[in-house]
There are 2 protein chains.
Amino acid sequence: MATATPYQQLEQEFRRLHAFRGVLALLRWDAAVTMPRGSADVRGDQLAALQIECHTLLVSPRISRLLDRADANARALADWQSANLREMRRLQDHAIATPPSLVARIAKAVARAEVRWREAREQNDFGVLAPQLEEVVKLARSKAELLAQRFGLDPWDALADEFTPGLLSRDIDAIFGQLSQRLPELVTEAIELQAHKPAATIDGRFSASRQRGLCLDVMKALGFPFDRGRFDESDHPFTEGVPGDIRVTAKFRLKEPLQGLLGALHETGQALYDLGLPAEWVDQPVGQDRGMALEESQSLLLEMIVGRSRAFVTWLRPLLETHYGAAGAEWSDENLYRHLNRVARGPNRMDADELTYQTHIGLRYELERRMFSGDLAVRDLRAAWNDLSADRLGLVPVSDVEGCLQDIHWALGSFGHFPSYGVGAVIAGQLWEAIREDHPGVEAEIAAGQFSGLLAWLRERVHSMGAKLGVPQLVQHATDRPLSAAPFLRYLERKYITEN
Amino acid sequence: MATATPYQQLEQEFRRLHAFRGVLALLRWDAAVTMPRGSADVRGDQLAALQIECHTLLVSPRISRLLDRADANARALADWQSANLREMRRLQDHAIATPPSLVARIAKAVARAEVRWREAREQNDFGVLAPQLEEVVKLARSKAELLAQRFGLDPWDALADEFTPGLLSRDIDAIFGQLSQRLPELVTEAIELQAHKPAATIDGRFSASRQRGLCLDVMKALGFPFDRGRFDESDHPFTEGVPGDIRVTAKFRLKEPLQGLLGALHETGQALYDLGLPAEWVDQPVGQDRGMALEESQSLLLEMIVGRSRAFVTWLRPLLETHYGAAGAEWSDENLYRHLNRVARGPNRMDADELTYQTHIGLRYELERRMFSGDLAVRDLRAAWNDLSADRLGLVPVSDVEGCLQDIHWALGSFGHFPSYGVGAVIAGQLWEAIREDHPGVEAEIAAGQFSGLLAWLRERVHSMGAKLGVPQLVQHATDRPLSAAPFLRYLERKYITEN
C-alpha cells in the first residue's frame, strides 16, 4: 500500500474535525431545543472541551508541517484539492490567532449568556442579560484584536471575515451605500402606494400543531429530507447540523398564521443549501457553505422573494384551506399577497418586510460597531437601541423583548454577523434576476408547487460550489455578473412600485 | 504558582475525558430519542471519532508517564485520591488492550446494528438483524480476546469485568448456584398459592400523555430533578447522561397502565444513583458508578422491591385515580398489589415478575456464552432461543419481537451485561434487608409518599461511595455482611410464601 501524501493525510485529519463539528452542532441544537435549563454549566464544559479539541487539532505542529509539505507539492493537486488546501490553511490561520484558553473562556461565557438571554426575555428585562453580555463582548473584542494583529485588519473586520470570507467592511459599506441612495424613499413611496390597497386583517387562532402541519407540507414540497433531518420548535428559529442530519426549527405564534411558515422557509433555504453542497467534499473544508452572507441569500430567496411571490401564494392557498380551514375574502390570493408584502416601519427584524429589513440591519450594524469599539457601553445598549430606533424607524420599542432582546446573536458572541443579512438579501436579488433570465418558466412552476427547476439552478450554480470561491467570485460565477445591489433594487422597484 | 503534581495533571486530563463521555452519552440519547433514522451513518462517524479521541487520550504516552510518576508518589495521596489513581490505571489497562482501529470498527458496526434492530422489530424478523449482529459478535470477540490476553482471563470474563469490576464468572456462577437451589420450586409454589388469590384484570386504554403525567408525579416525589434532567419516550427504556444532565426514557403501551411506570421507576433508580455520586469527584473515574450490577441493584430496588410493595401501592392508588380516573374494585389496593406481583412464566424479560426474571437472565447468559464461544451461530439464535424458552419457561415465543428481538443489548455490543441484572436483584435484596433493619419506619414512610429516608440511606451507604470499592466490598460496606443471595431469597420467601 502506497504511503498517504501530506495532502491525503490532511484530508484524514479534517475528516475528524468535521465529525467533531457535527457533534458541536448537535450539542448546540440540543441546548436550544431539548436540554434542561439547569444543565447549561455541564453543556458549557462539554462545548469548551470539544472546541478546545478542535482548536488543538487545527493548530497542531503536525497540521502545520503537513500544510507546508502539501503546499510544496501543490502543483500535483487538482483545482478542488487546491481550493481545499487553501481553506485548510485559512482555518488554521484563524485558529492560531486565538489561544485555547480564550476559546474556552468564550465557550463558557456564551453558554451562560444564552441562558441569561432566555431568562431576560422571560422577564422582559435587558438588565438580566447585560452583565453576561458585557463579558461576551469583552472576550469577543480580545479575540478580534488577536485576529486583527495576525491579518493586519481592523478588529471588527477580522471577525466579519471569519463569517463571510472575501467580504470586508469596505465591500459591505459599498453595498449599503448603493442601497441607501434609493431605499429610504422607496419605503416611503411603497407605503403611500399601499395605502390605496389595504389588506384585510386575518384573524383567528392557529395552534402550533396546525402551523407545524402546514410547514411540514411546504417543506416536503421543497424536498426537505425528513429521514435525514428534523423540524422542531425553539425560541429563535435556526438551522443546525451537517448534511445527513440537518435540523431546522421554527417559532409559532398563536395569532400569526404565516410568520412561523416564513421562518421555516428561511431556515429551509439554508438547509437546502447545506444539502446541495458537493457530496464528495462533505467532510472537507472546501465542501462547506461559503459563509453567512451566502447562507442568508439562500434563506431570503426562499422566505422573501419566492415565499412572498404571487406564484407561491397561488400554490399555498389550498394548503391554508387544508390546515387552517381558511375561507373568506381575507384568504383570497390577492389579500394574502398584500398581507405578505405589507411595508411598514415596525420594531421587529424577524417580522420586517424586505424593504425596512435593511433598516433593522443598519441599526444593528451601527450599534455593534459602537459597542465593539467601546464607544457604547453594553449597559447603555437599551437606551441607544431605543434612540436609534426612534430616529430610523420612527418608533421606540414598547419592551426590551420587542427591542434590544430580539436577537440572540450577540449573546452567542456572533459579531460581524448582522451585515451578512443585508448582503444576503442583495445576493438573493441578483440570483433571482439570473434565475428568471435563465429559466423563464420558474414562476409558473412555483405556482404549480414545482420547485425542482429553481433548486436545480441553485444546486448547479451556487450550492455545488461549496467554499471553492470567495463570496464575490461565487456570485460572479453564478450570475455571470459582478456582485452589485442593482439587481436587488430593480427587483424591489418592480415589485413595490412598477407592478404595485 | 506551584507546578501541578503528576496526580493533579491526571485529574485535569480525566476531567476532559469526562466531558467527552458526557458528549458521547448525549449522542447516544439523541440517536435513540430524537435522531432522524437516516442519519445513523453520520452519527456512527461522530461516535467513532469521539470514541477514538477518548481512546487516544487514555492510552497516550503522556498518561502512562503521569500514571507511573503518580504511582511513585502514591504515599502522598489521600485514600480517595489513591482509589482514583487505581481507577485511572484500570481504565488505561482496559483501553490499551483494544487498538483504535478496532474501537472505530465496533462503534460503526454498533450504530448500524442499532438501526437494524429497530427495523427488524418493525418487520418482526430476526433475519433483518442477523448479518449485522454477526458482525458485532465477531468484533466483540476480537476485543475480548485481546483483553483476555492482557489480563489472563477467559475472554467472556474479560468483557464482563469491564461492566462489573470485581465480579467474575465464578462469582456469578456461585450466586446463580445459590438461587437455583430454591428458585425453580419457589416459582411453582408461588404460582400455586396465587391461584387461590386471583387478580381481577385491569381493562382500559391509557394514553401515553396520561401515563407520562403519572410518571412525572411519581418521579417528582422521588426527587428527580427536572431542571437538570429529562423524561422522554423511546423503544427501550434507558438512562443516559451525567449528573447535571440526566435523561430517563420510558416506553408506554396503550393497554398497560403500570408497565410504563415500572420501567420509569427502574430508570429513575439508576438516575438517582448517578445523582447521589460524590459531588467532589463527579468528573473523575472514582466518582463514577460502580458498574452495571450496582446500577441494576438501584433500579430493581425501586422497580421490583419498593414499587411493588403494599406500602407503595397505598401511596400510588390516589395518583392512579387522578391520572386515570381509576375507580372500581380492580383498582383496590389489594387487587393492584396482586396484579403487580403476579408470578407467571411469560416470554418477556421486561414484563417478568421478580421470580421468573432470573430465568430470563439465565437463558440469555447461556445463549450469550454459546454465541460467544462460537458454539452457537448467530443465524441460529432464533431457533436456540425458542428451544431454550420452551425448556425453561415452558413456552415458545409467538414472534421474534416477543423472543430474540426483545433486547437491544447484543446489537449494542454489550456482552457480559445480562448477568449483572440477576446479580443486581440479589444485591437489591441484600440492601433492602439492611435498610429495614437500620430504618424500621421505611415502609410506613413509603406509604405516605416520603422517600427521603430510603434515599438518604442509599446515598450514604452506596451512592456516595462512587467507584471507591469493588462490587463485593461495596456491598459489605453498605450492609456489614458479605455479598450473598440469601437475603434476596429470604425476601422472596417472605413475600411470596410466608406472607402470601
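Quick notes on the rules
Residues numbered from 1 in each chain as written. Chains lettered and ligands numbered in written order. Predicted model: local features only at pLDDT ≥ 70, side-chain atom pairs only at ≥ 80, totals over all residues. Heavy atoms only, no water. Pairing = 2+ DSSP bridges. Helix = DSSP H or I, 4+ residues; strand = E, 2+ residues; numbered from the N terminus. Axes fitted to C-alpha atoms, helices over the stretch in contact; angles between N-to-C directions. Contact = heavy atoms within 4.5 Å. Domains from an automatic or database assignment. Buried area = accessible area lost by both parts, 1.4 Å probe. Salt bridge = Lys/Arg side-chain N within 4 Å of Asp/Glu carboxyl O. Polar contact = N/O pair within 3.5 Å; in protein donor to acceptor, adjacent residues only side chain to side chain. Least-squares fit on C-alpha atoms with pLDDT ≥ 70 in both. Buried < 20%, exposed > 50% of the residue type's maximum accessible area, 1.4 Å probe, protein only. Phe/Tyr/Trp six-rings, centres within 6.5 Å; stacked < 30°, edge-to-face > 60°. Lys NZ or Arg CZ within 6 Å of the ring centre and 35° of its normal. Parallel < 35°, antiparallel > 145°, perpendicular 65-115°, else oblique. Left-handed = near helix turned anticlockwise from the far one by under 90°. Nonpolar A, V, L, I, M, F, W, Y, C, P; charged D, E, K, R; others polar.

Trainee: Any chance you could explain the sheet that holds strand S3 (residues 245-250) of chain A here in plain terms?
Mentor: Residue and element names in this part refer to chain A. Ordered by their spatial adjacency, 3 strands build an open sheet running S1-S3-S2, and the pairing between neighbours is mixed. Edge positions in the open sheet fall to strand S1 (229-233) and strand S2 (239-242), since each of these has one partner strand only. Between one strand and the next, the sheet's axes are offset by a mean angle of 15°, whatever the strand orientation. One ladder, built from 4 bridges, connects S2 with S3; its direction is antiparallel. Bridge assignment links Glu-240 to a residue of S3, and that residue is Arg-247. Set on the sheet, helix H10 (residues 208-222) makes contact with S1 and S3; between it and S1 the angle comes to about 150°.

Trainee: Help me out: how do you make sense of the domain arrangement of chain A in this one?
Mentor: Many descriptions give the size of an interface as the accessible area lost when the pieces come together. Residues and elements named next belong to chain A. Considered domain by domain, chain A is made up of domain 1 (6-153) and domain 2 (172-199 + 259-498). Put simply, the middle of domain 1 and the middle of domain 2, counted by C-alpha atoms, are 27 Å apart. In this complex, domain 1 contributes 35 residues to the contact, which on the side of domain 2 involves 35 residues. Summed over both sides, the interface of domain 1 with domain 2 buries roughly 2900 Å², with 65% coming from carbon and sulfur. The three residues of domain 1 that bury the most area against domain 2 are Trp-80, Trp-117 and Phe-126, which together make up 26% of that side's buried surface. The salt bridge partner of Asp-125 is Arg-382, with a shortest N-O separation of 3.1 Å. Connecting domain 1 to domain 2 are 17 residue pairs in polar contact (both at pLDDT 80 or more). Broken down by secondary-structure element, the contributors of at least two residues to the side of domain 1 that touches domain 2 are helix H1 (6-33), helix H4 (79-96), helix H5 (100-123) and helix H6 (126-151).

Trainee: When you look at the relation of the copies chain B and chain A in this model, what are you seeing that I'm missing?
Mentor: Think of it as a corkscrew move, a rotation about one axis and a shift along it, taking one chain copy to the other. Laying chain B over chain A is done by rotating through 180° and shifting 0.0 Å along the axis; what remains is an RMSD of 0.0 Å. Such a combination of turn and shift is consistent with a two-fold rotation axis. Counting the interface residues of chain B, we find that 100% of their copies in chain A are interface residues as well, pointing to one common contact surface.

Trainee: Is there a simple way to think about the pattern of salt bridges in this case?
Mentor: Side chains that differ in charge, positive against negative, can pair when their charged atoms come close. Residue and element names in this part refer to chain B. Per the counting criterion, the structure on display carries 100 salt bridges over all chains. Residues Lys-138 and Glu-135 are paired through a salt bridge, measuring 3.7 Å at the closest nitrogen-oxygen approach. One end of the pair is Lys-138 and the other is Glu-135, both in helix H6 (residues 126-151) and 3 residues apart, which spans about a single turn. Under the relative-accessibility criterion, Lys-138 is labelled partly exposed at 44%.

Trainee: Is there a simple way to think about the packing of aromatic side chains in this case?
Mentor: Two measures describe an aromatic ring pair: the distance that separates the ring centres and the angle between the ring planes. Taken as a whole and assessed by the stated rule, the structure comprises 34 aromatic pairs over all chains. A ring pair is formed by Phe-206 of chain B and Tyr-324 of chain B, whose centres lie 4.8 Å apart and whose planes are at 55°; its orientation type is tilted. Taken together, the residues span a long stretch of sequence, with Phe-206 of chain B in the loop between helix H9 (183-195) and helix H10 (208-222) and Tyr-324 of chain B in helix H13 (residues 310-324) at a distance of 118 residues. Here Phe-206 of chain B and Tyr-324 of chain B have matching classes, each one buried. A ring pair is formed by Phe-418 of chain B and Tyr-421 of chain B, whose centres lie 5.8 Å apart and whose planes are at 40°; its orientation type is tilted. Assigned by exposure class, Phe-418 of chain B and Tyr-421 of chain B land together as buried. Of the aromatic side chains, those joined through ring pairs into one cluster are Tyr-357, Trp-385, Trp-410, Phe-418 and Tyr-421 of chain A. Lying across the ring of Tyr-337 of chain A, Arg-310 of chain A places its NZ or CZ 3.9 Å from the centre. Sitting over the face of the ring of Phe-418 of chain A, Arg-364 of chain A holds its NZ or CZ atom 5.6 Å from the ring centroid.

Trainee: Would you mind showing me how to read the sheet that holds strand S2 (residues 239-242) of chain B here?
Mentor: Paired through backbone hydrogen bonds, the strands of a sheet run either parallel or antiparallel to each other. Residue and element names in this part refer to chain B. The strand order S1-S3-S2 describes an open sheet built from 3 strands, whose pairing is mixed. Either end of the sheet is taken by a strand with one partner, and the two such strands are strand S1 (229-233) and S2. Recorded for the sheet is a direction-independent mean angle of 15° between the axes of neighbouring strands. When S1 meets strand S3 (residues 245-250), the two strands line up parallel, connected through 5 bridges.

Trainee: Sorry, what's going on with the environment of Phe-224 of chain B here?
Mentor: Residues and elements named next belong to chain B. Note on placement: Phe-224 falls in the loop between H10 and S1. Sequence-wise, Phe-224 and Val-248 are 24 residues apart; in three dimensions their C-alpha atoms are separated by 9.9 Å. Apart from the residues lying within four places of it in its own chain, the contact partners of Phe-224 are Met-219, Gly-229, Arg-230, Ile-246, Val-248, Ala-271 and Leu-272.

Trainee: Can you help me understand the packing of H9 of chain B against helix H21 (residues 486-498) of chain B in this one?
Mentor: When two helices pack together, you describe them by how their axes are tilted relative to each other and by the distance separating the axes. Residue and element names in this part refer to chain B. The interhelical angle for the contact between H9 and H21, taken along N-to-C directions, is 20°, at an axis separation of 10 Å. As judged from the angle between their axes, H9 and H21 are roughly parallel. For H9 against H21, the interelement crossing comes out left-handed. Residues Leu-183, Leu-186, Glu-189, Ala-190, Leu-193 and Gln-194 of H9 lie in contact with H21, whose contacting residues are Leu-489, Leu-492, Glu-493, Tyr-496 and Ile-497. Across the contact of H9 with H21, the residue classes break down as 8 nonpolar, 1 polar and 2 charged.

Trainee: Sorry, what's going on with the pairing of S3 of chain B here?
Mentor: The two faces of the sheet receive side chains in turn, since in a regular strand these alternate between them. Residues and elements named next belong to chain B. For S3, a buried count of 6 out of 6 residues is recorded, marking the element as mostly surrounded by other parts of the structure. The two faces of S3 match: Asp-245, Arg-247 and Thr-249 on one face and Ile-246, Val-248 and Ala-250 on the other face are all buried. The antiparallel hairpin formed by S2 and S3 contains 2 residues in its connecting segment, where Gly-244 sits at a positive phi of about 110°.

Trainee: Looking at this model, I keep getting lost on the side chain of Thr-479 of chain B. Mind explaining?
Mentor: All names here are of chain B. Tracing the chain through its elements places Thr-479 in helix H20 (residues 471-479). A polar contact is formed between the side chain of Thr-479 and the side chain of Gln-430, at a distance of 3.1 Å. Here the side chain of Thr-479 touches Val-475 through a polar contact of 2.8 Å, landing on its backbone oxygen. Filtering out sequence-adjacent residues up to four positions away, Thr-479 remains in contact with Gln-430, Leu-431 and Ala-434.

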